Amino acid sequence: ALRPSCGWLPAAGLSQAFSTTDSHGRSALRLAVDGRHWACVQPLIEASCDLRSLSEDLHSPLTAALERGGPAAETVLGASTRLSEEARRVASDLSTLLAEHQGSAAGQ
């Protein structure tokens, strides 16, 4: 993915671009998570896309990744520098529990 060598400049208007949503209120980061475009997720987080912005289905990019589990959760949690170590641990545990629950529900 393309990244500027000197960081993102505020004048570039990235916060406005990244806060734009589709017709269902999903941000670029949420679309990347939903589409499993892991190579795009980390640069979007590094460019300050909001992990907690809710779409119409009341899921954020963070909750969508945790619900998806596996590489989604690992990618989002690994790329987010704004989450404390404790928050990452709790989110990782939650993702594991959700994956186990979904696996047991699919087996019924």
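Quick notes on the rules
- Residues numbered from 1 in each chain as written.
- Predicted model: local features only at pLDDT ≥ 70, side-chain atom pairs only at ≥ 80, totals over all residues.
- Heavy atoms only, no water.
- Helix = DSSP H or I, 4+ residues; strand = E, 2+ residues; numbered from the N terminus.
- Buried < 20%, exposed > 50% of the residue type's maximum accessible area, 1.4 Å probe, protein only.
- Contact = heavy atoms within 4.5 Å.
- Core = buried A, V, L, I, M, F, W, Y, C linked by side-chain atoms within 4.5 Å.
- pLDDT = per-residue confidence, 0-100.
- Salt bridge = Lys/Arg side-chain N within 4 Å of Asp/Glu carboxyl O.
- Axes fitted to C-alpha atoms, helices over the stretch in contact; angles between N-to-C directions.
- Parallel < 35°, antiparallel > 145°, perpendicular 65-115°, else oblique.
- Nonpolar A, V, L, I, M, F, W, Y, C, P; charged D, E, K, R; others polar.

Whenever I open this one, the environment of S60 confuses me. Can you help?
On the secondary structure map, S60 appears in the loop between α3 (38–46) and α4 (61–68). Relative accessible area serves as the criterion here: at 4%, S60 is assigned to the buried category. Sequence separation between S60 and L29 is 31 residues; the distance between their C-alpha atoms is 9.1 Å. Non-local contacts of S60, meaning those with residues more than four positions away in its chain, are made with R30, L51, R52, S53 and L54.

Honestly, the nonpolar core in this entry has me stumped. Any pointers?
Where a protein is soluble and globular, its nonpolar side chains tend to be buried together. Ranked by internal contacts, the top residues of the largest apolar core, which has 21 residues, are L29, V41, I45 and V76. Elements supplying a minimum of two residues to this core: α2 (28–34), α3, α4 and α5 (70–79). The residues touching V41, leaving out its near neighbours within four places in the chain, are L29, A32, V33, T75 and V76.

Can you walk me through α3 in this structure?
Residues three or four positions apart in an α-helix share a direction because the helix packs 3.6 residues into each turn. If you check which residues of α3 are buried, you get V41, P43, L44 and I45. Directly beyond the C-terminal end of α3, a positive phi value near 75° is found at S48.

What's the story with the confidence of the model for the protein in this structure? I'm lost.
Detailed reading of the predicted coordinates is not advisable wherever pLDDT falls low. Scored by pLDDT, the protein comes out at a mean of 81, with 83% of its residues at no less than 70. Confidence, read as mean pLDDT per element, is least for helix α1 (residues 14–19) in the protein (72) and greatest for α2 (92).

What's the story with the pattern of salt bridges in this structure? I'm lost.
Where charged atoms from two side chains of opposite charge come close, those side chains can pair. Here the structure, examined in full by the defined rule, presents seven salt bridges. Taking the shortest distance from any N to any O, the salt bridge between D22 and R26 comes out at 2.7 Å. For D22, a relative accessible area of 24% puts it in the partly exposed group. Relative accessible area serves as the criterion here: at 24%, R26 is assigned to the partly exposed category. Residue R89 is joined to D93 by a salt bridge in which the shortest nitrogen-to-oxygen separation is 3.0 Å. One end of the pair is R89 and the other is D93, both in helix α6 (residues 85–106) and four residues apart, which spans about a single turn. Residue classification places D93 among the partly exposed residues on the basis of a relative accessible area of 38%.

Even after reading the chapter, I still don't get the packing of α4 against α5, so can you show me in this structure?
Think of two packed helices as two axes; the pair is described by the angle between the axes and how far apart they sit. Where α4 meets α5, the closest approach of the two axes is 6 Å, and the angle between their N-to-C directions is 140°. One element, α4, and the other, α5, form an angle in the oblique class. Counting all contacts with α4, which are made through L62, A65, L66 and R68, the residues of α5 involved are G70, A72, A73, V76 and L77. Class assignment of the residues belonging to the contact of α4 with α5 gives a composition of seven nonpolar, one polar and one charged.

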